[in-house]
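Survey of secondary and tertiary structure
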Amino acid sequence: MDLVEVLPNRLHMLRFPIGQAYLWQDGEALTLVDAGNVESAAEIEGAIRSLGLLPERLERIVLTHCHRDHVGAAGELAARWGARVLAHRLDAPVIRGERPVPEPVLLDWEIPLYAHGLTVPEAPPTRVDRELEDGDPLDFGDGAYVVHAPGHTDGSIGIHLPEHGVLFTGDCIAAVGPLMLGVFNVDRGRAVESFRRLAELAPSVACFGHGDPLTVDTAPALAKAAAETPA
């Protein structure tokens, strides 16, 4: 795992072989956005400690959607350190293991990539302490809130921190190579609509589920990519 500073003393990316998570700091209070795969808990704890922070100050884990590379370590971290797990109402039953993970509608070029993604170990059933809706406030980042961004999954969300100009996009948007619509969508048309909605927030920092964060000319780059993405 790589630990990458995005904003000094505020935001770090935790990059795994497939996927990534983000650690947000409000002083010593910590929020994790996504949680890597099921084998990532020890690495995440180590990263927190390496920053001089305490994993017992992890207050919440916000899951952008139900896929295994985002949910995997959430249950173990929450059980060990008392963090609450938050996810959208529509993905919560999948995360809890009550419903199967939805199958994406794959484009031909996505098929080998999807097979590679399935090499990530399955996530265990994980409790969800709070089910989220569009517009719900989140008690971190000086006023974060939920942006429902369906299409990748029905319950995919973005998380917007307007006071800091930060947007977590989950897998709705990717930056692996060119800025683009995320892959493996259950509904491409809705995913494109969500891409455009997120781009309209005009953040100065965009943090993706896959690919490096965008910190320079972010808003115009998102707007251009969204406008050029066909439904």
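Here is a short report on the structure shown in this document.

1. Considerations on the overall build of the protein
A count of helices and strands for the protein gives 7 helices and 14 strands. In terms of overall dimensions, the protein is globule-like: its C-alpha atoms have a radius of gyration of 16 Å, near the 17 Å expected for 231 residues. Taken along its principal axes, the extent of the C-alpha atoms in the protein is 45 × 40 × 30 Å. Burial status across the protein gives 51% buried among its 231 residues. Sequence-distant contacts, at least 24 apart, represent 63% of the contacts inside the protein between residues at least 6 apart. Roughly 9800 Å² of accessible area belongs to the protein as shown, and the carbon and sulfur atoms make up 52% of that amount. Put simply, the protein has 18 plus and 34 minus side-chain charges, and the middle of one group is 3 Å from the middle of the other.

2. Let's talk about the pattern of salt bridges
Per the stated rule, a full pass over the model turns up 15 salt bridges. When the shortest N-O distance is used, the salt bridge between Arg15 and Asp212 registers 2.6 Å. Of this pair, Arg15 sits in strand E2 (residues 11-15) while Asp212 sits in the loop between strand E14 (205-208) and helix H7 (218-228); the two residues are 197 residues apart in sequence, bridging distant segments of the chain. Looking at Asp212, the relative accessible area reads 46%, which means it is partly exposed. Across the salt bridge formed by Arg96 and Glu131, the nearest N and O atoms sit 2.9 Å from each other. Placement of Arg96 in the loop between helix H4 (92-95) and helix H5 (111-117) and of Glu131 in strand E7 (residues 130-132) is noted, with a sequence separation of 35 residues between them. Of the residues examined, Arg96 reaches a relative accessible area of 25% and is grouped as partly exposed.

3. Details of unusual backbone geometry
The backbone of Asn9 shows a phi angle near 60°, a positive value even though the residue is not glycine. Checked against the element boundaries, Asn9 lands in the loop between strand E1 (2-7) and E2. Residues other than glycine seldom take positive phi values, yet Asp34 does so here, at roughly 70°. Here Asp34 lies in the loop between strand E4 (29-33) and helix H1 (41-50). Note on Asp34: relative accessible area 3%, which makes it buried.

4. Observations concerning the nonpolar core
Membership of the largest hydrophobic core comes to 28 residues, with the highest contact counts inside it found for Leu32, Ile44, Ile61, Leu63 and Leu77. Residue assignment for this core shows that the elements contributing at least two residues are strand E3 (20-26), E4, H1, strand E5 (58-62), helix H3 (74-81), strand E6 (84-88) and H4. Considering each element in turn, this core owes the most residues, 4 residues, to H1. Not counting residues within four places of it along the chain, the set of residues in contact with Ile61 comprises Leu32, Asp34, Ala35, Ala74, Leu77, Ala78, Ala83, Arg84, Val85 and Leu86. Tyr22, Phe140, Val146 and Cys207 belong to the second largest nonpolar core, which has 20 residues in total.

5. Structural notes on a nonpolar patch on the surface
A grouping of Leu107, Trp109 and Leu113 is seen on the molecular surface, where their side chains present a nonpolar patch of about 290 Å² in accessible area. Within the element layout of this structure, Leu113 appears in helix H5. Judged by relative accessible area, which is 41%, Leu113 ranks as partly exposed.

Rules behind the numbers
- Residues numbered from 1 in each chain as written.
- Predicted model: local features only at pLDDT ≥ 70, side-chain atom pairs only at ≥ 80, totals over all residues.
- Heavy atoms only, no water.
- Helix = DSSP H or I, 4+ residues; strand = E, 2+ residues; numbered from the N terminus.
- Rg over C-alpha atoms; globule rule 2.2 N^0.38 Å.
- Buried < 20%, exposed > 50% of the residue type's maximum accessible area, 1.4 Å probe, protein only.
- Contact = heavy atoms within 4.5 Å.
- Areas by Shrake-Rupley, 256 points an atom, 1.4 Å probe, with all protein chains shown as cover.
- Lys, Arg positive; Asp, Glu negative; His and termini not counted.
- Charge placed at Lys NZ, Arg CZ, Asp CG, Glu CD.
- Salt bridge = Lys/Arg side-chain N within 4 Å of Asp/Glu carboxyl O.
- Core = buried A, V, L, I, M, F, W, Y, C linked by side-chain atoms within 4.5 Å.
- Patch = residues over 30% accessible without salt bridge, like charges linked within 9 Å, V, L, I, M, F, W, Y side chains within 5 Å.

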